[in-house]
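Inside the fold
Residue strings, one per chain:
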Amino acid sequence: MPEIQIPAFRVASRAALGSKTALRSAGISIAALPEGHVIHVLGEAGGPDLAPLLREVTGGRPHAVRTAGPAQWFLVGDEALSAAGVAAILAALPPGAAGVDQSHGRVRIRIEGPMVERVLAKGTAADLAPAAFPVGHSTTTLTGHIAAHLTRVAEDVFELMVLRTFAESLWDDLATMSGEYVLQAADRA
């Protein structure tokens, strides 16, 4: 039997945006959300719509189930799930569907305020008008040069989900895009 080597160091987990302070002004706010859980569910092409089942599995929490493409969804929440919790969700999927825990690899950012559509319009080609992008709607789009999953969770509130390695860069881009509104608030103070 081969000898098992134990490394001399431990990998320390840290929040991807732990060093970032929330930005707040009258026009816009940007905040990192808890690194809870993200499970990517893939159904069969042309198969049944799994969204009703997934809403049931997630307890019907608002915006916990997000469309990620044809026969694909993200299950999202603020709380971390144990291995048993993830296994329970995966066991509830019907035959032909699969799920992948991506909690360790995705980060969510909340951006909100009366200027949110103007700020996001600087970085994405998605039509964010409420008639075209109502509350609960999701899409994968570029924000600047970074692929992000965008969801409208309230009238003036969006969440962006991004791969962990791009989280700081997306944060910095959002801060730059909202600069005119943050600076105006700072100038008045």
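The present account deals with the structure reproduced in this document.

A few words on the overall build of the chain. When helices and strands are counted, the chain shows 5 helices and 10 strands. Relative to its full complement of 189 residues, the chain shows a buried share of 39%. Considering only contacts within the chain whose residues lie at least 6 apart along the sequence, 67% involve residues at least 24 apart. For the chain, the accessible surface area stands at approximately 10400 Å², while carbon and sulfur atoms represent 58% of it.

This brings us to helix H4 (residues 167-177). For H4, every residue scored as buried is listed here: Ala167, Leu170, Trp171, Leu174 and Met177. The buried residues of H4 occupy one face: seen down the axis, they fall within an arc of 130°.

Moving on to the sheet that holds strand E9 (residues 146-154). Read across the sheet, 6 strands follow the order E1-E2-E7-E10-E9-E8 without closing on themselves; strand pairing throughout is antiparallel. At either margin of the open sheet sits one strand with a lone partner, and together these are strand E1 (23-24) and strand E8 (138-143). Of the pairings in the sheet, the one linking strand E7 (residues 106-112) to strand E10 (residues 157-163) comprises 7 bridges and is antiparallel in character. Each bridged residue has a counterpart across the sheet, and for Ile109 the counterpart in E10 is Leu160.

Before going further, it helps to examine the nonpolar core. Ranked by internal contacts, the top residues of the largest apolar core, which has 25 residues, are Ile111, Leu120, Phe158, Leu160, Leu170 and Leu174. Secondary structure elements with two or more residues in this core: E7, helix H3 (116-121), E9, E10 and H4. Residue contributions to this core peak at 5 residues, all from H4. One finds Ala51, Leu54, Val65 and Leu75 within the second-largest nonpolar core, a separate group that totals 11 residues.

Moving on, we get to the pattern of salt bridges. Enumeration over the complete set of coordinates arrives at 10 salt bridges. Linking Glu35 and Arg164 is a salt bridge whose minimum nitrogen-to-oxygen distance equals 2.7 Å. Of the two residues, Glu35 is situated in the loop between strand E2 (29-32) and strand E3 (37-42) and Arg164 in the loop between E10 and H4; the sequence distance between them amounts to 129 residues. Since its relative accessible area comes to 33%, Glu35 is described here as partly exposed. Look at Arg164 and you get partly exposed, because its relative accessible area is 25%.

This next bit is on the pairing of E10. Burial analysis of E10 places 6 of its 7 residues in the buried class, which makes it a mostly covered element. When E9 meets E10, the two strands line up antiparallel, connected through 6 bridges. What sits directly across from Arg152, in E10, is Phe158. Linkage of E9 to E10, two consecutive antiparallel strands, is achieved through a turn of 2 residues.

So, on to the environment of Gly136. Mapping Gly136 onto the fold places it in the loop between H3 and E8. With a relative accessible area of 41%, Gly136 lands in the partly exposed category. Sequence separation of Gly136 and Val65 is 71 residues, and the distance between their C-alpha atoms is 9.1 Å. With near-sequence residues (within four places) excluded, Gly136 lies in contact with His63 and Arg152.

Throughout the structure, instances matching the rule amount to 1 aromatic pair. For the pair Phe133 and Phe158, a centre-to-centre distance of 5.9 Å together with 40° between the ring planes defines the contact as tilted. In this pair, Phe133 is assigned in the loop between H3 and E8 and Phe158 in strand E10, connecting sequence segments 25 residues apart.

Relative to the assigned elements, Ser138 resides in strand E8. Overall, Ser138 belongs to the buried group, its relative accessible area being 11%. Among the polar contacts made by the side chain of Ser138, one reaches the side chain of Thr151 at a distance of 2.8 Å. With near-sequence residues (within four places) excluded, Ser138 lies in contact with Arg66, Thr67, Phe133, His149, Leu150 and Thr151.

Cut-offs used in this document
Residues numbered from 1 in each chain as written. Predicted model: local features only at pLDDT ≥ 70, side-chain atom pairs only at ≥ 80, totals over all residues. Heavy atoms only, no water. Helix = DSSP H or I, 4+ residues; strand = E, 2+ residues; numbered from the N terminus. Buried < 20%, exposed > 50% of the residue type's maximum accessible area, 1.4 Å probe, protein only. Contact = heavy atoms within 4.5 Å. Areas by Shrake-Rupley, 256 points an atom, 1.4 Å probe, with all protein chains shown as cover. Arc of directions from axis to C-beta. Pairing = 2+ DSSP bridges. Core = buried A, V, L, I, M, F, W, Y, C linked by side-chain atoms within 4.5 Å. Salt bridge = Lys/Arg side-chain N within 4 Å of Asp/Glu carboxyl O. Phe/Tyr/Trp six-rings, centres within 6.5 Å; stacked < 30°, edge-to-face > 60°. Polar contact = N/O pair within 3.5 Å; in protein donor to acceptor, adjacent residues only side chain to side chain.

Remember, this is a structural readout, not a statement about activity or role.
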